Amino acid sequence: MRTSLSVNLNKIAVLRNSRGGHEPSLSKAARTVIAAGADGITLHPRPDCRHVRPDDVRLMAEITRGLVELNIEGNPFAGSRPGYPGFFALIEQARPTQVTLVPDGDGQITSDHGFDFSRDCVRLAPVVARCRELGCRVSVFVDADATGFAQARAIGVDRIELYTGPFAAAHASGQGAAAAQRYAATARSASEAGLSINAGHDLSQDNLGTFLDAVEPVSEVSIGHALIAEALYHGLAMTVCNYLDIIRRARAQPGSEAVG
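Residues numbered from 1 in each chain as written. Predicted model: local features only at pLDDT ≥ 70, side-chain atom pairs only at ≥ 80, totals over all residues. Heavy atoms only, no water.

Visitor: Explanation requested: the sheet that holds strand β1 (residues 4–8) in the structure shown.
Guide: What holds strands together in a sheet is hydrogen bonding between their backbones, with the strands either parallel or antiparallel. One closed barrel holds the 8 strands; their spatial order is β1-β2-β3-β4-β5-β6-β7-β8, and the pairing between them is parallel. When the angles between neighbouring strand axes are averaged without regard to direction, this sheet yields 25°. Pairing of strand β4 (residues 98–101) with strand β5 (residues 137–142) involves 4 bridges; the strand directions are parallel. Opposite V99, over in β5, you have V138 as the bridge partner. Together, β2 (40–43) and β3 (69–74) form the strand contacts of helix α3 (residues 54–64), whose direction differs from that of β2 by roughly 170°. (Pairing = 2+ DSSP bridges. Helix = DSSP H or I, 4+ residues; strand = E, 2+ residues; numbered from the N terminus. Axes fitted to C-alpha atoms, helices over the stretch in contact; angles between N-to-C directions. Contact = heavy atoms within 4.5 Å.)

Visitor: Before we go on, may I ask you to explain the nonpolar core in this structure?
Guide: Nonpolar side chains in soluble globular proteins tend to end up buried together. With 81 residues, the main nonpolar core has L9, I41, L101, L162, F211 and V221 as its most contacted residues. Those residues in contact with I41 that sit more than four places away from it in its chain are S6, V7, L9, A30, V33, I34, M60, T64, V68, E69, L70 and N71. (Core = buried A, V, L, I, M, F, W, Y, C linked by side-chain atoms within 4.5 Å. Buried < 20%, exposed > 50% of the residue type's maximum accessible area, 1.4 Å probe, protein only.)

Visitor: Would you mind going over the packing of helix α7 (residues 165–172) against helix α8 (residues 176–192) with me for this structure?
Guide: The relative placement of two packed helices comes down to the angle between their axes together with the axis-to-axis distance. Between α7 and α8, the least distance of the axes is 7 Å, while the angle of their chain directions is 160°. It follows from the interaxial angle that α7 and α8 lie roughly antiparallel. Residues G165, P166, F167, A170 and H171 of α7 touch α8, and the partners they reach there are G176, A179, A180 and Y183. Here the residues of the contact of α7 with α8 sort into 6 nonpolar, 3 polar and no charged. (Parallel < 35°, antiparallel > 145°, perpendicular 65-115°, else oblique. Nonpolar A, V, L, I, M, F, W, Y, C, P; charged D, E, K, R; others polar.)

Visitor: Help me understand the packing of aromatic side chains, please; the structure alone is not making it clear to me.
Guide: Each aromatic ring pair is summarised here by two numbers: the centre-to-centre distance and the angle between the ring planes. The tally for this structure, following the rule as stated, stands at 6 aromatic pairs. Arranged with centres 5.6 Å apart and planes meeting at 85°, the rings of F87 and F88 form a pair that is edge-to-face. The pair formed by F87 and F88 is uniform in burial state, with each residue classed as buried. One residue, R130, lies across the ring of F88, its end atom 4.3 Å from the ring centre. (Phe/Tyr/Trp six-rings, centres within 6.5 Å; stacked < 30°, edge-to-face > 60°. Lys NZ or Arg CZ within 6 Å of the ring centre and 35° of its normal.)

Visitor: What's the story with the side chain of T164 in this structure? I'm lost.
Guide: Tracing the backbone through its elements, the reader meets T164 in the loop between β6 (159–163) and α7. At 2.7 Å, the side chain of T164 forms a polar contact with the backbone oxygen of H201. Apart from the residues lying within four places of it in its own chain, the contact partners of T164 are Y183, A199, G200, H201, L203 and F211. (Polar contact = N/O pair within 3.5 Å; in protein donor to acceptor, adjacent residues only side chain to side chain.)

Visitor: In this structure, what is going on with helix α10 (residues 225–234)? I would like to understand it.
Guide: Because the α-helix completes a turn every 3.6 residues, residues three or four places apart line up on one side. Where α10 is concerned, the buried positions are A226, L227, I228, E230 and A231. Turning to α10, the residues buried within the fold contact β1, α1 (10–19), β8 (220–223) and α11 (236–249).

Visitor: Quick question: what am I supposed to make of the environment of P103 here?
Guide: Along the chain, P103 falls in the loop between β4 and α5 (117–133). Remark: the alpha-carbon pair of P103 and E73, spanning 30 residues in sequence, is separated by 9.9 Å.

Visitor: In this structure, what is going on with the packing of helix α2 (residues 26–35) against α11? I would like to understand it.
Guide: Two numbers describe how α2 lies on α11: the axes approach to 9 Å, and their chain directions differ by 40°. With respect to α11, the element α2 is oriented oblique. By crossing handedness, the relation of α2 to α11 is classed as right-handed. Of the residues in α11, those in contact with A29, T32 and V33 of α2 are L236, A237 and V240. Of the residues belonging to the contact of α2 with α11, the class tally is 5 nonpolar, 1 polar and no charged. (Left-handed = near helix turned anticlockwise from the far one by under 90°.)

Visitor: Explain the state of the cysteines to me, please; I cannot follow it from the model alone.
Guide: Formally, a disulfide is one covalent bond, and it connects the sulfur atom of one cysteine to the sulfur atom of another. Here the structure, examined in full by the defined rule, presents 0 disulfides. Of all cysteine sulfurs in the structure, the one in C131 sits closest to C121, which takes part in no disulfide; the separation is 14 Å. Cysteine C136 is unpaired, with the sulfur of C131 as its nearest cysteine sulfur at 5.9 Å. (Disulfide = S-S within 2.5 Å.)

Just geometry here; none of it tells us what the structure is for.
Dropping the structure here:
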């Protein structure tokens, strides 16, 4: 099983919104990364519309349909407000391949923690059921020391997404290999419970290979901030190709059948 690369385009929208208008173009960015070989597009619309907006979600649904997967991240408990129709309204409109549930609040600059299945399964159960009724695969954002995977599978969760921010910080301080083993143990536990593994947050060309060599099998990595930053220097298409090359060169991962 080859790890899929889903490119998060939020930072393109941040740059566009800082000036107003339509540049840089989210649609052109999406078509560029798809042409370069990316397996999917990730968007994380927030209620304050600080980056991608509801109309971006609908546009990406049109662009990706029949070509690559669309992954919509967000807090499933975020209701409607002016300019934002609510998380589930967006899911119903876009019908993404995958929904990634993230417990982020308005005050967070970026996602910095995951759901806790031992505490959150009861309230997540109807959310997961609703996503699956809409035809979406369900992934849940979790911390590296997460547990309760059998409970998660029992309520219909298909995948977990490992929050890799702490791994990236450890890698930057020279402790990446040791930190990756912690994630590997969690991935094994989740896989044994029947869940597939995604990963994302602060992954970069510098640390992705270390992570993939240690953690297996990883179905998908979602990368945005570092990829867009690197693209400023090397170009968007070339940067996507560089990531795909890292994935190809990572240690062969056993298991050709993904769950969910």
